[in-house]
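Tertiary structure, described
Spelled out, the chains give:
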Amino acid sequence: MRASRRLAAVAALTCAGMLTFGAPSHGEPTRAATTPAGADTQQTAGSDFRHPGVLVSAGQLEFVRQKVASGAEPWATAFAAMRSSALASLTREPKPWVVVECGSNSNPNHGCTDEREDALAAYTHALLWNLTGEEAHARKATEILDAWSATLTGHTNSNAPLQAGWSGASFARAGELMRHTYDGWPADRVERFATMLREVHLPQVFDRRPGHNGNWELIMMDAAVGISVFLDDRESFDHAIGIWQRRVPAYFYLESDGPLPHPPPDGGKDTPEELIDYWHGQTTFVDGLSQETCRNFGYVGWGIDATAHVAETARLQGLQLYSEVGERVTKALEFHAKYDLGADPPDWLCGGTKERTLGPTLEVAFNHYHNRYGVRLKRTERLLETPGVRPTGANYFLAWETLTHANNPW
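What counts as what
Residues numbered from 1 in each chain as written. Predicted model: local features only at pLDDT ≥ 70, side-chain atom pairs only at ≥ 80, totals over all residues. Heavy atoms only, no water. Disulfide = S-S within 2.5 Å. Helix = DSSP H or I, 4+ residues; strand = E, 2+ residues; numbered from the N terminus. Buried < 20%, exposed > 50% of the residue type's maximum accessible area, 1.4 Å probe, protein only. Contact = heavy atoms within 4.5 Å. Pairing = 2+ DSSP bridges. Patch = residues over 30% accessible without salt bridge, like charges linked within 9 Å, V, L, I, M, F, W, Y side chains within 5 Å. Areas by Shrake-Rupley, 256 points an atom, 1.4 Å probe, with all protein chains shown as cover. Salt bridge = Lys/Arg side-chain N within 4 Å of Asp/Glu carboxyl O. Lys, Arg positive; Asp, Glu negative; His and termini not counted. Charge placed at Lys NZ, Arg CZ, Asp CG, Glu CD. pLDDT = per-residue confidence, 0-100. Bend = angle between axes of the 7 residues up to and from the residue. Phe/Tyr/Trp six-rings, centres within 6.5 Å; stacked < 30°, edge-to-face > 60°. Lys NZ or Arg CZ within 6 Å of the ring centre and 35° of its normal. Axes fitted to C-alpha atoms, helices over the stretch in contact; angles between N-to-C directions. Parallel < 35°, antiparallel > 145°, perpendicular 65-115°, else oblique. Left-handed = near helix turned anticlockwise from the far one by under 90°. Nonpolar A, V, L, I, M, F, W, Y, C, P; charged D, E, K, R; others polar. Core = buried A, V, L, I, M, F, W, Y, C linked by side-chain atoms within 4.5 Å.

On to the state of the cysteines, then. Under the defined criterion, the tally for this structure stands at two disulfides. Each disulfide pairs two cysteine sulfurs, and for Cys102 the partner residue is Cys112, the sulfurs being separated by 2.2 Å. Taking the sign of the S-S torsion, about -125° here, the bridge from Cys102 to Cys112 comes out left-handed. Here the residue Cys102 occupies a position in strand E3 (residues 99-102), and Cys112 occupies one in helix H3 (residues 112-132), the gap between them amounting to 10 residues. Here Cys102 matches Cys112 in class, with each residue buried. Here Cys294 engages in a disulfide with Cys350; their sulfurs sit 2.0 Å apart.

Shown next as structure tokens:
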């Protein structure tokens, strides 16, 4: 049997203290003065990154493994849902494309769904390998990664940057876990996969879309940050964080911003008329409102989760980004949860009608702000406890976040 590395058991962590929200920084990322909670990952030779360290760490997964083994909820049910999903099938055959062509709303859909779902499947099998030790899942995860890295050469059409973000985020998480927890992935295959992320996905997600709805660039930076960690690419990592730091304040409004929201960086939405149109006709701005609130809550949920994914990966790498966006994100969580829980929107909000449902996008942000730092998020907590919300599944760039991040102190 091939040699393999399993995640070592780690001591329980006690997290305490309240979060102090800092003012957003628009310069270089601020390095943390101390090792962040949960950074049980290890630095590799020649790298200042910690591995595994894309969205999930060794300690987080060991915590989950112990909870699943004891039958504790919500992890046991979440694990069962993941294990029984089609993405977890050991008979799954990858469907790589040479060129993935995705137009608006994935029309045309030439490989778009295949790439996204294979990336999610690779991550699902990587999680199963780490939680169960069953090597068949490690082999399946690397089989999927190898198939795509041997085939894919590009993304085309109008949705190409977003498609590269959706798939690249999941591919990076899967590759990071397999590279640093499994000895059975040959070095030449690892390098080929790295080349795919470096030459096919990273240029697309750095091909800015500042004038588009904000969830685009947030998802693209989610992928860019994860890919940069996998590649040990500090320059790309810092570049992605810089874009994220400018984009988040233009996506979630605070009354301290002034009478109008911040314009999207480099997006050309500078006049009041342009900004109001960009915010889908909204003219009254209150704490927690999002640029896409009056478009669709589902997109807001994507923006919240992509924002949290970047901050979570950065936390594992020693960067404290959660605090600088904390007030924006927590106000956005509570504002939108109010209406998702059934409150009627007032006339000034989106004309009194709203397409609601944030979707499976709350766990990572809620876990950090509420569970690690004690910020009271009553509405968000109620929403998470609503029947049918947990456990979260997998779709686009989101996967099994009740399992990996619910009540996880690491």
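Don't stop here, the text continues.
A separate point is unusual backbone geometry. Each neighbour pair has its own omega, and for Glu73 with Pro74 the value is 10°, a cis peptide bond. Relative to the elements of secondary structure, Pro74 occurs in the loop between helix H1 (58-69) and helix H2 (75-83). Backbone geometry at Ser106 places phi at a positive 55°, although glycine is not the residue there. Inspection of the secondary structure assignment puts Ser106 in the loop between E3 and strand E4 (109-110).

Here Thr307 is to be found in helix H10 (residues 297-316). What Thr307 contacts, discounting residues up to four positions off in sequence, is Leu218, Trp244, Val248, Phe252, Val325 and Val329.

Take the pairing of E3 next. Side chains Val100 and Cys102 project from E3 onto a buried face, and the interleaved Val99 and Glu101 project onto a face without burial. Two strands pair when backbone bridges link them, and E3 and strand E5 (residues 154-156) are joined in this way by three bridges, in the parallel orientation. For Glu101, the partnering residue across the bridge sits in E5 and is Thr156. Pairing of E3 with E4, which is carried by two bridges, proceeds in the antiparallel orientation. Residue pairing for E4: Glu101 is matched across the bridge by His110.

Our focus in this paragraph is a negative patch on the surface. A surface patch of like charges, here negative, comprises Asp270, Glu273, Glu274 and Asp277. Mapped onto the elements of the fold, Asp270 is located in the loop between helix H8 (234-247) and helix H9 (272-278).

The next thing to look at is the confidence of the model for the chain. The predicted model of the chain averages 90 in pLDDT, with 89% of residues at 70 or higher. In this model residues 1-39 is a low-confidence stretch, pLDDT under 50, and it forms 100 contacts with partners more than four residues away in sequence or in other chains.

Moving on, we get to the sheet that holds E5. If you walk across this open sheet you meet the three strands as E4-E3-E5, and the pairing is mixed. Single-partner strands in this sheet number two, and they are E4 and E5.

Glancing now at helix H11 (residues 322-340). Given 3.6 residues per helical turn, the α-helix brings residues three or four places apart onto the same face. Of all the bends in H11, the greatest measures close to 35° and is centred on Arg328. Of the residues one or two after H11, Gly342 is the one with positive phi, at around 120°.

Under the criterion given, the structure shown has 17 aromatic pairs. Between Trp129 and Tyr182, the ring centres sit 5.4 Å apart and the planes meet at 70°, which makes this aromatic pair edge-to-face. Here Trp129, found in helix H3, pairs with Tyr182, found in the loop between helix H5 (160-181) and helix H6 (187-205); they are 53 residues apart in sequence, far enough to count as distant. Taken together, a centroid distance of 5.6 Å and an interplanar angle of 50° make the contact between Tyr253 and Phe285 tilted. Here the residue Tyr253 occupies a position in the loop between H8 and H9, and Phe285 occupies one in the loop between H9 and H10, the gap between them amounting to 32 residues. Like Tyr253, the residue Phe285 is buried in the burial classification. Aromatic ring contacts, followed pair by pair, group Trp148, Phe171, Trp185, Phe193 and Phe230 into a single cluster. One Lys or Arg, Arg295, reaches over the ring of Tyr299 and ends 3.7 Å from the middle of that ring.

What follows covers the packing of H5 against helix H7 (residues 215-231). Between H5 and H7, whose axes approach to 8 Å, the crossing angle comes to 30°. In terms of orientation, H5 lies roughly parallel with respect to H7. Handedness of the H5/H7 crossing: left-handed. Residue-level contacts link Pro161, Leu162, Ala164, Gly165, Trp166, Gly168, Ala169, Ala172, Arg173, Gly175, Glu176 and Arg179 of H5 to Trp216, Ile219, Met220, Asp222, Ala223, Gly226, Ile227, Val229 and Phe230 of H7. Grouping the amino acids of the contact of H5 with H7 by side-chain chemistry returns 13 nonpolar, four polar and four charged.

Residues Met178, Trp244 and Leu403 are the most contacted members of the largest nonpolar core, which totals 120 residues. Here Trp244 is in contact with Leu218, Met221, Pro249, Ala306, Thr307, Val310, Ala311, Leu321, Glu324 and Val325, once residues within four sequence places are set aside.

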